[in-house]
Amino acid sequence: MRPLLISPSALALLSGILPLHAQQDESPRPNVLLIYADDLGYADLGCYGAKNVQTPNIDRLARQGVRFTNAYAAAATSTPSRYGMLTGQYAWRREGTDVAPGNAGMIIRPEQYTLADLFHEAGYATAAFGKWHLGLGDKTGTQDWNGLISPSLGDLGFDYSYIMAATADRVPCVFIEDGRVANYDPTAPIEVSYRKPFEGEPTGKSHPELLYNLRSSHGHDMSIVNGIGRIGYMKGGGGALWRDENIADSIVTHAITFIERHQSEHRDQPFFVYLATNDIHVPRFPHPRFRGQSRMGLRGDAIAQLDWTVGEVLRALDSLGLTEHTLVLFSSDNGGVIDDGYQDQAEELLQGHNPSGIYRGYKYSAFEGGTRIPAIVRWPGHVRGAQPSSALVSQVDWIASFAELLDVKLPEGAASDSRAQLASWLGHSSQGRPWILQQAADKTLSLRNERWKCIAPSTHGPMITWGPKIETGYLPTPQLYDMKRDPRERTNVADRHPDLIHYFQSLEARIRAGRE
Ligand code: NG6
Ligand code: CA
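What counts as what
- Residues numbered from 1 in each chain as written.
- Chains lettered and ligands numbered in written order.
- Predicted model: local features only at pLDDT ≥ 70, side-chain atom pairs only at ≥ 80, totals over all residues.
- Heavy atoms only, no water.
- Phe/Tyr/Trp six-rings, centres within 6.5 Å; stacked < 30°, edge-to-face > 60°.
- Helix = DSSP H or I, 4+ residues; strand = E, 2+ residues; numbered from the N terminus.
- Lys NZ or Arg CZ within 6 Å of the ring centre and 35° of its normal.
- Donors = N, O, S within 2.8 Å, 3.2 Å for Na, K, Ca; no water.
- Buried < 20%, exposed > 50% of the residue type's maximum accessible area, 1.4 Å probe, protein only.
- Pairing = 2+ DSSP bridges.
- Salt bridge = Lys/Arg side-chain N within 4 Å of Asp/Glu carboxyl O.
- Near = heavy atom within 4 Å.
- Polar contact = N/O pair within 3.5 Å; in protein donor to acceptor, adjacent residues only side chain to side chain.
- Areas by Shrake-Rupley, 256 points an atom, 1.4 Å probe, with all protein chains shown as cover.
- Nonpolar A, V, L, I, M, F, W, Y, C, P; charged D, E, K, R; others polar.
- Contact = heavy atoms within 4.5 Å.
- Axes fitted to C-alpha atoms, helices over the stretch in contact; angles between N-to-C directions.
- Parallel < 35°, antiparallel > 145°, perpendicular 65-115°, else oblique.

1. Considering the packing of aromatic side chains
- Under the criterion given, the structure shown has 22 aromatic pairs.
- Each ring, one from F158 and one from Y274, has its centre 6.2 Å from the other, and the planes form 25 degrees; the classification is stacked. You can see F158 sitting in the loop between β4 (125-131) and β5 (160-164) and its partner Y274 sitting in strand β12 (residues 271-276), a full 116 residues away along the chain.
- Aromatic rings pair up to connect Y36, F68, F119, Y124, W132, F158, F272, Y274, W398, F402 and W425 into one cluster.
- One cation-aromatic arrangement involves R67 over Y48; the distance from NZ or CZ to the ring centre is 4.8 Å.
- Above the face of the W435 ring, R433 is positioned so that its terminal group lies 4.4 Å from the ring centre.

2. Section: the coordination of the calcium ion (ligand 2)
- For the calcium ion (ligand 2), the protein coordination sphere consists of D38 (OD), D39 (OD), D333 (OD), D333 (OD) and N334 (OD1), at 2.2 to 2.8 Å.
- Written as a sequence motif, the donor residues of the calcium ion (ligand 2) are D-D-x293-D-N. Both residues of the pair, D38 and D39, belong to the buried class.

3. Describing the pairing of strand β17 (residues 436-439)
- The two faces of β17 match: I436 and Q438 on one face and L437 and Q439 on the other face are all buried.
- Two elements, β17 and strand β18 (residues 445-448), share 4 bridges in a ladder whose sense is antiparallel. Residue pairing across strands places Q438 opposite S446, the latter belonging to β18.
- What sits between the antiparallel neighbours β17 and β18 is a turn of 5 residues, in which K443 has the positive phi angle 75 degrees.

4. Quick look at the pattern of salt bridges
- Applying the stated criterion across every chain, the model contains 26 salt bridges.
- As a salt-bridge pair, K443 and D98 come within 3.1 Å of each other at their nearest N and O atoms. Linking K443 in the loop between β17 and β18 with D98 in the loop between α3 (78-87) and α4 (115-121), this pair joins segments that are 345 residues apart in sequence.
- Across the pair R243 and E245 runs a salt bridge whose closest N-O atoms are separated by 3.9 Å.
- Given the relative accessible area of 47%, R243 is considered partly exposed.
- Under the relative-accessibility criterion, E245 is labelled buried at 15%.
- Connected through salt bridges with shared partners, the residues D38, R82, K131 and D333 form a single ionic network.

5. Side note on the site of ligand 1
- Inspection of the region around ligand 1 gives 20 residues, with S78, D169, R170, D340 and K363 positioned closest.
- Interatomic distance of 3.1 Å between a side-chain N/O atom of H220 and an oxygen atom of ligand 1.
- K363 is positioned with one of its side-chain polar atoms (N or O) 2.7 Å from an oxygen atom of ligand 1.
- Alone, ligand 1 offers 450 Å² of accessible surface; in the complex the protein occludes 89% of this.
- Here the shell around ligand 1 is composed, by residue class, of 5 nonpolar, 8 polar and 7 charged.

6. As for α3
- In terms of burial, α3 is largely enclosed, as 10 of its 10 residues are buried.
- Regarding α3, the residues found buried are S78, T79, P80, S81, R82, Y83, G84, M85, L86 and T87.
- Packed against the buried residues of α3 are β1 (31-37), α4, β4, β12, α7 (398-406) and β17.
- G88 sits one or two residues past α3 and shows a positive phi near 70 degrees.

7. A closer look at the packing of helix α2 (residues 56-63) against helix α6 (residues 297-319)
- Contact geometry of α2 with α6 gives a least axis separation of 7 Å together with a crossing angle of 55 degrees. Looking at the two axes, α2 sits oblique to α6. On α6, the residues touching P56, N57, I58, R60 and L61 of α2 are L306, D307, W308, V310, G311, L314 and D318.
- Residue classes in the contact of α2 with α6 are distributed as 7 nonpolar, 2 polar and 3 charged.

8. Looking at the sheet that holds β18
- Read from one edge of the open sheet, 4 strands run β17-β18-β19-β20, paired in antiparallel fashion. The sheet is open, and its two edges are formed by β17 and β20 (479-482), each paired on a single side. Ignoring strand direction, the axes of neighbouring strands in this sheet form an average angle of 20 degrees.
- The strands touched by helix α9 (residues 498-512) within the sheet are β17, β18, β19 (452-455) and β20, with β18 carrying the most contacts at an inclination of about 115 degrees.

9. Considering the side chain of S193
- Of note, S193 is situated in strand β8 (residues 191-193).
- Residue S193 is classed as buried on the basis of its relative accessible area, which comes to 12%.
- In this structure the side chain of S193 is engaged in a polar contact, spanning 3.1 Å, whose partner is the backbone nitrogen of K196.
- Those residues in contact with S193 that sit more than four places away from it in its chain are F198, G232 and Y233.

Written as structure tokens, this is what we have:
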């Protein structure tokens, strides 16, 4: 028999390749589907105790995965929360990360490392759908809504995007596909301003009789689109303008089409899909087929529509045979809110439901209701089903945890606030983080650990001042709550524990200095 001859270079090649294969077996590369709801409260789902609305699809996800009871968003409003989640850096470290207008310039700069970059560089196909709310284009107010808006999500690691620039209650009321207005209507050029109304265009303030779909309870009295008042002024749009009742359909249809097309064309390449729903943010205006599905009017019906969205995309995974190969992560960007600016009877029709469950406060708040959110992870074969986890976890850790999963080393300086917590997020460990940091609407920071929560002082008042009846959780002196005995944050015990206040204050100082 002829001896097998292998050249030294081939040998080097082989020895280089073999460990790589071995390594790939050790670190599987599942598809990742991140379903990110908007303003969904901790207790707004059946699997988190909601009674007046049914959420069978999300409940199924929870039955098949791990359901977290101590999971937090990094902030109590959307823009800073999403900023923290996508970059792994706390938003309060950067100027200009507060709730963004629809014509904000891109808040995450192209050179900044994002969750999408992580997947992209690991060889994934990446795509974003739905609510963005992190700015587009170079500078605020300078975008050309009739041409290419650049930079855009393509500069942040997303191969494809079909998004709303901000929120449904902010102009421009159009979808943007890969940096251009989708279904662009050349007969109705688009202009956007957050400064002054366009001459001759009715506003909610001047023409409240034109608000035939939904009236506002506070604000939302500038441009009128689809019979609903918005924040900001816009002109034109024509056939490209969205109809609020079709937004959920548009988002999920585009996401499913992307997944199907990707499967038929690049079957071997994993994907990362960021599916950021418009539900259940205001204006809550679900499609007529969801009306009356809950006992709570439009807010509850928007939850039913959200659940339907999840059901559609899970069904698509099932029918493509992808369920076993896909890690699904479901969560919300901040806590729940009842009246957030429209007369949708959310408050009147609660029927005993509390979006925050037993917890105090809502969206915007430094109390738990601001940032404690539902979070579910399903990954068949890797995550045990029907599992509640009380581990302390934060969305800011997703980027480092996914880097751990993919066995990728984050670039120097990237995602500096993100900690690898993969075992917690997969339900393999109940340990969680030693501490969690959250940011309220006025940037007041709270720190909590297993036992205690400390809210830093703030001179802003105890209630939100612009309309919604929400406790802010702000006090001019530090607050301390015993989360074991007093999870409802009723009794401030700061006076009794000066040592703990000192401990949390110095921990906060070290975090601010980047030393924790
Ligand atoms: C507030 C809006 C509220 C909502 C919020 C941002 C008014 C009166 N209220 O200013 O409706 O849009 O901003 O929500 O305008 S978030 O979830 O996107 O952060
Ligand atoms: Ca939000």
